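# A look at the structure
Below are the chains, spelled out letter by letter.
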Amino acid sequence: MSSHDQVLNAQHSHGGAAHGSVKEYVTGLLLSIVLTALPFASLMFDLFSAPVTLVVILICAVAQIFVQLIFFLHMNTSSEQLWNTTSAVFIVLIVAILVVGSIWIIEHLNHNMLMGH
Amino acid sequence: MTTAQHDAFINTHHEDEHHDTGGDTVFGFWIYIMSDCLLFATLFATYAVLSSSFAGQITARELFDLNFVLGETALLLFSSFTFGMAMLYANKKQMKGMIVWLSITFLLGLSFLGMELYEFYHFSHEGATPQTSAYWSAFYALVATHGLHVFAGLIWMLVLFAHFKRDGISEDNLVRLSCLSLFWHFLDVIWICVFTVVYLMGVM
């Protein structure tokens, strides 16, 4: 392999769009439909008690996000996708700090403000 | 930097320019999408913090209609799927199939936007405008930002139709379509968070 080829290969492995297949998209679609129908149905038809419903809704949402990342966005741990996945994991961490941190701080603030009343 | 290093740098740079590195472009666009996640995270955090600040005005529970939201969700989910199919045809260099699936995607996206605008109109009519309370400000900021992204995606799709008509399925156009596909699937992922956090948890 010439150095020229190596450069091209190296560039190719920088990641980007992986190709999917019809089977992959159909699987992703079916799983997404189930994971959408379940939380909507549990609320519309009062299938569970309130705390259970909340847990079902949140689990379905997280599961569906993973389904779409894997089947539609073709994320995986192969070397071509390494930087895509690494950056995504980093962003998930930042988003968690941002969202959980905000809610946590403001909850405490609200609590302390109410103490005066 | 030594001369040798400098030459090596110039050479690599040269190679970059000569071989259009579609993978790098798509990866760069991925980084943009990751930064867009931060924008939405900020809006979600704001929404969560203000989720019960109705200021004695009309509440979310009185207005949200889950059937309507289910319709919006279905449109966006199917559009994500049809975009995937368009992408498969594009990779196989089959112009006709790609245009058909991309057109379906466009119509689904347009219908979603239509439903969302109708919803905003309906809510405003019922007395929930962005000025009504902190909650409704946060609601409109979050949901409309997602809607604006969908709108941008639709405009981008129209531009791509023109590109494909002019150049066919060229390497450049494939890279453009790949970027838009990432963007479109990303918007569907954001919508999962929106319908879960805003609508489902809003009516609980």
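Below is a summary of the structure that appears in this document.

The rules behind each value
- Residues numbered from 1 in each chain as written.
- Chains lettered and ligands numbered in written order.
- Predicted model: local features only at pLDDT ≥ 70, side-chain atom pairs only at ≥ 80, totals over all residues.
- Heavy atoms only, no water.
- Helix = DSSP H or I, 4+ residues; strand = E, 2+ residues; numbered from the N terminus.
- Buried < 20%, exposed > 50% of the residue type's maximum accessible area, 1.4 Å probe, protein only.
- Contact = heavy atoms within 4.5 Å.
- Buried area = accessible area lost by both parts, 1.4 Å probe.
- Polar contact = N/O pair within 3.5 Å; in protein donor to acceptor, adjacent residues only side chain to side chain.
- Nonpolar A, V, L, I, M, F, W, Y, C, P; charged D, E, K, R; others polar.
- Axes fitted to C-alpha atoms, helices over the stretch in contact; angles between N-to-C directions.
- Parallel < 35°, antiparallel > 145°, perpendicular 65-115°, else oblique.
- Phe/Tyr/Trp six-rings, centres within 6.5 Å; stacked < 30°, edge-to-face > 60°.
- Salt bridge = Lys/Arg side-chain N within 4 Å of Asp/Glu carboxyl O.
- Expected span 1.5 Å × (residues − 1).

## Quick notes on the overall build of chain A
Helix and strand counts for chain A stand at four helices and zero strands. Starting at the N terminus, the α and β elements of chain A follow one another as α-α-α-α. The buried share of chain A, taken over its 117 residues, is 29%. Within chain A, contacts between residues separated by at least 24 positions form 64% of all contacts whose residues are at least 6 apart in sequence.

## Re the interface of chain A and chain B
Many authors give the size of an interface as the accessible area that is lost as the parts come together. In this assembly, 46 residues from chain A lie in contact with 45 residues from chain B. Summed over both partners, the interface of chain A with chain B comes to about 4000 Å²; 82% of that surface belongs to carbon and sulfur atoms. In this structure, the connection of chain A to chain B is made through three residue pairs in polar contact (both at pLDDT 80 or more). By residue number, the principal contributor to the side of chain A that touches chain B is helix H4 (residues 82–115) of chain A, which donates twelve residues. For the side of chain A that touches chain B, the residue count by class is 30 nonpolar, 16 polar and no charged.

## A closer look at the packing of helix H2 (residues 22–44) of chain A against helix H7 (residues 171–203) of chain B
For the pair H2 of chain A and H7 of chain B, the least separation of the axes is 10 Å and the interaxial angle reads 10°. In terms of their interaxial angle, H2 of chain A and H7 of chain B are classed as roughly parallel. Along its contact with H2 of chain A, which presents Tyr25, Thr36, Pro39, Phe40 and Leu43 of chain A, the element H7 of chain B presents His185, Phe195, Leu200 and Val203 of chain B.

## Examining the packing of aromatic side chains
Residues and elements named next belong to chain B. In this structure the tally under the stated criterion is 26 aromatic pairs over all chains. When the centroid spacing of 5.7 Å and the interplanar angle of 70° are considered together, the rings of Phe123 and Trp136 count as edge-to-face. Here Phe123, found in helix H5 (residues 95–125), pairs with Trp136, found in helix H6 (residues 134–167); they are 13 residues apart in sequence, far enough to count as distant. A single burial state applies to Phe123 and to Trp136, both of which are buried.

## Describing the pattern of salt bridges
All names here are of chain B. Tallied over the full model, the rule gives two salt bridges over all chains. As a salt-bridge pair, Glu171 and Lys93 come within 3.5 Å of each other at their nearest N and O atoms. Note that Glu171 is positioned in helix H7 and Lys93 in the loop between helix H4 (66–91) and H5, a separation of 78 residues in sequence. Of the residues examined, Glu171 reaches a relative accessible area of 54% and is grouped as exposed.

## Let's talk about H5 of chain B
Given 3.6 residues per helical turn, the α-helix brings residues three or four places apart onto the same face. The end-to-end C-alpha distance of H5 of chain B, which contains 31 residues, comes to 44 Å, matching closely the 45 Å that a straight helix rising 1.5 Å per residue would cover. Positive backbone phi, approximately 100°, marks Gly127 of chain B, located one or two places after H5 of chain B.

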